[in-house]
Amino acid sequence: MNSQSQNKMAIEPIKPLLWKMGLPMIVSMVLQALYNVVDSVFVTNMEGTGAVANQALTIAFPIQILIIAIGVGTGVGLNALLSKSLGEKENEKANMIAGNGIFLVIVFYAVFLLFGLFGAEGFISLFSGDNALVQAMGTDYLKICCCFSLGAIGFTVYEKLLQSTGKTMLSTIAQVTGAVSNIVLDYIFIYPLKMGVAGAAWATVAGQFISMFIAMAFHYTKNREIDGNVKYIRPNMGLIKGIYSIGISAALMQTLLSVMMAGTNAILGASSADPVVLVGSFGIYYKIQQIPLFSAFGISNTIISVLSFNYGMKDRKRIDECIKYGIIDGVVVTGVLTVVFEIFARPLSGLFGLTGGGTEEIIVTCARALRIASIGFVFMGFSVAVQGVLQSIRFAIRPLVLAALRLVVFVFPLAYFFTLTPNVTYSVWLTFPIAEALTAVIAIFVLKKSYKQRINIIE
């Protein structure tokens with residue numbers, strides 16, 4: 001079968017194609033952010049032990065980010081390499097790339113299974129101090145999430161197999177079903193069945209497995225561009241190297257999210273302001289701001305799928321249109337969300353007041369943070385879209401550098417500087433729009449240079 005004649009990424013107009021493929025990805029990513037927020041609300045509302053349970057989940061969170069980071073890195077590299085091979089009509093190579101992606105799922109699951117069995121308790125004990133309840137809850141939660149992490153890692157890869165052939169709606173159906181299942185099971189396991197933190201973990205892994213099984217079913221029944229024969233599930237070091245030459249930057253970019261949160265927590269906690277208010281407000285802001293951030297990732301992932309395919313075809317006109325409209329879409333989506341956050345900052349912050357763990361001062365400070373920090377969302381949308389362009393045209397280090405600038409290099413010194421000012425609870429939130437704006441300026445120059453090196457040479 002001629003993949004080029006069948007694949008919509010080769011023939012449909014770029015502008016509507018980006019929205020057609022991008023909206024399902026955005027919805028999928030936003031749902032992922034939303035049910036993380038809902039998870040926290042459910043757990044923190046547990047009667048009597050909600051605060052301790054939330055602390056236990058917070059300690060376990062870095063390992064969950066690592067699981068997601070490895071899955072995302074593998075998926076992004078797989079997506080770009082597979083889309084490029086399909087664009088070049090190298091069907092046999094595409095089949096081998098898909099098979100190696102599945103092989104990598106098995107390898108990484110084995111690693112996290114071993115960690116869950118033998119390392120989870122030791123990891124939690126490093127951060128739980130002498131609180132035996134926190135250690136017990138955290139160990140139970142982390143052990144379940146790691147020992148059954150196959151769903152999380154597997155879904156990320158099968159999702160990209162669908163996205164690489166333009167079937168974003170199918171991957172979104174799988175994501176939405178798992179997310180809704182997680183939310184429903186969270187309530188059932190935590191409240192009626194009173195399973196506590198373990199119930200939250202079982203709900204999480206159940207939702208992930210549901211998403212993976214649905215994505216697998218779609219891949220093997222609908223993805224006709226890729227041969228799903230098990231003979232392709234064997235390691236090829238050249239292809240694995242190709243996957244991670246692109247995907248490693250995406251994995252590290254995801255990991256930088258946890259570095260930014262941990263570092264900023266430390267800086268805010270050492271300031272002259274009340275750390276309960278300042279750090280608590282930042283924690284709430286960080287969870288809510290994942291909605292525009294994940295929306296930007298949805299646009300970036302769309303760019304990677306479409307641009308990688310047309311870059312493989314060496315279609316200069318479609319490449320240029322994808323870059324142009326992809327960046328515009330990223331700015332538009334984050335711009336709309338900026339307006340939404342400016343209007344609804346207080347109600348969104350107030351949702352976390354339902355948990356009983358916050359004070360009115362925390363809610364007011366969080367609303368202030370959302371209104372000030374959301375000014376930077378448009379710059380973030382631009383930078384993240386540029387990162388997607390750079391990944392599509394086979395740059396690995398440059399998108400990672402941009403992520404490091406907006407998450408660490410600019411954020412830490414700015415945050416520290418603003419903690420030295422008199423009105424910390426106002427000024428410190430300027431850190432984020434300033435960091436995003438500075439990164440966007442640098443991203444313009446990086447994009448121009450990269451365009452000349454990789455795209456201007458295409459006739």
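Because the structure is predicted, anything quoted here is derived from the model rather than measured. (Residues numbered from 1 in each chain as written. Predicted model: local features only at pLDDT ≥ 70, side-chain atom pairs only at ≥ 80, totals over all residues. Heavy atoms only, no water.)

Participant: Can you walk me through helix α7 (residues 132-147) in this structure?
Facilitator: Residues three or four positions apart in an α-helix share a direction because the helix packs 3.6 residues into each turn. Over its 16 residues, α7 runs 22 Å from end to end, which matches the ideal 22 Å to within 8%, given 1.5 Å per residue. Considered for burial, the residues of α7 that qualify are Val-134, Met-137, Gly-138, Thr-139, Tyr-141, Leu-142, Ile-144, Cys-145, Cys-146 and Cys-147. (Helix = DSSP H or I, 4+ residues; strand = E, 2+ residues; numbered from the N terminus. Expected span 1.5 Å × (residues − 1). Buried < 20%, exposed > 50% of the residue type's maximum accessible area, 1.4 Å probe, protein only.)

Participant: Looking at this structure, how should I read the pattern of salt bridges?
Facilitator: Pairs can form between side chains of opposite charge once their charged atoms are near each other. Considering all chains together, one arrives at six salt bridges under this definition. Here Lys-167 ties to Glu-225 by a salt bridge, and the two come within 2.9 Å at their closest N and O atoms. In this pair, Lys-167 is assigned in the loop between α8 (150-163) and α9 (168-190) and Glu-225 in the loop between α10 (196-222) and α11 (237-269), connecting sequence segments 58 residues apart. In this structure, Lys-167 and Glu-225 share a single accessibility class: buried. A salt bridge links Arg-406 to Glu-436, with the shortest nitrogen-to-oxygen separation between them at 3.0 Å. Of this pair, Arg-406 sits in helix α17 (residues 397-409) while Glu-436 is found in helix α20 (residues 431-454), placing the two residues 30 residues apart along the sequence. With relative accessibility at 5%, the residue Arg-406 sits in the buried group. (Salt bridge = Lys/Arg side-chain N within 4 Å of Asp/Glu carboxyl O.)

Participant: Is there a simple way to think about a nonpolar patch on the surface in this case?
Facilitator: Among the surface-exposed residues, Phe-148, Val-180, Val-184, Tyr-187, Ile-188, Leu-193, Met-195 and Trp-202 lie close enough to one another that they form a single nonpolar patch of about 680 Å² accessible area. Take the nonpolar patch: its biggest share by element is four residues, from α9. Looking at the secondary structure, you find Tyr-187 in helix α9. (Patch = residues over 30% accessible without salt bridge, like charges linked within 9 Å, V, L, I, M, F, W, Y side chains within 5 Å. Areas by Shrake-Rupley, 256 points an atom, 1.4 Å probe, with all protein chains shown as cover.)

Participant: Explain the packing of helix α5 (residues 91-118) against α7 here, please?
Facilitator: Helix-helix packing is characterised by the crossing angle of the two axes and by the distance between the axes. The N-to-C vectors of α5 and α7 enclose an angle of 155 degrees; their axes lie 7 Å apart at closest approach. Judged on the interaxial angle alone, α7 and α5 are roughly antiparallel. The element α5 and its partner α7 pack so that their crossing is left-handed. Judged by residue contacts, Tyr-109, Phe-112, Leu-113, Phe-115, Gly-116 and Leu-117 of α5 engage Leu-142, Lys-143, Cys-146 and Cys-147 from α7. The residue makeup of the contact of α5 with α7, split by class, is eight nonpolar, one polar and one charged. (Axes fitted to C-alpha atoms, helices over the stretch in contact; angles between N-to-C directions. Parallel < 35°, antiparallel > 145°, perpendicular 65-115°, else oblique. Left-handed = near helix turned anticlockwise from the far one by under 90°. Contact = heavy atoms within 4.5 Å. Nonpolar A, V, L, I, M, F, W, Y, C, P; charged D, E, K, R; others polar.)

These results come straight from atomic positions and should not be treated as a statement about function.
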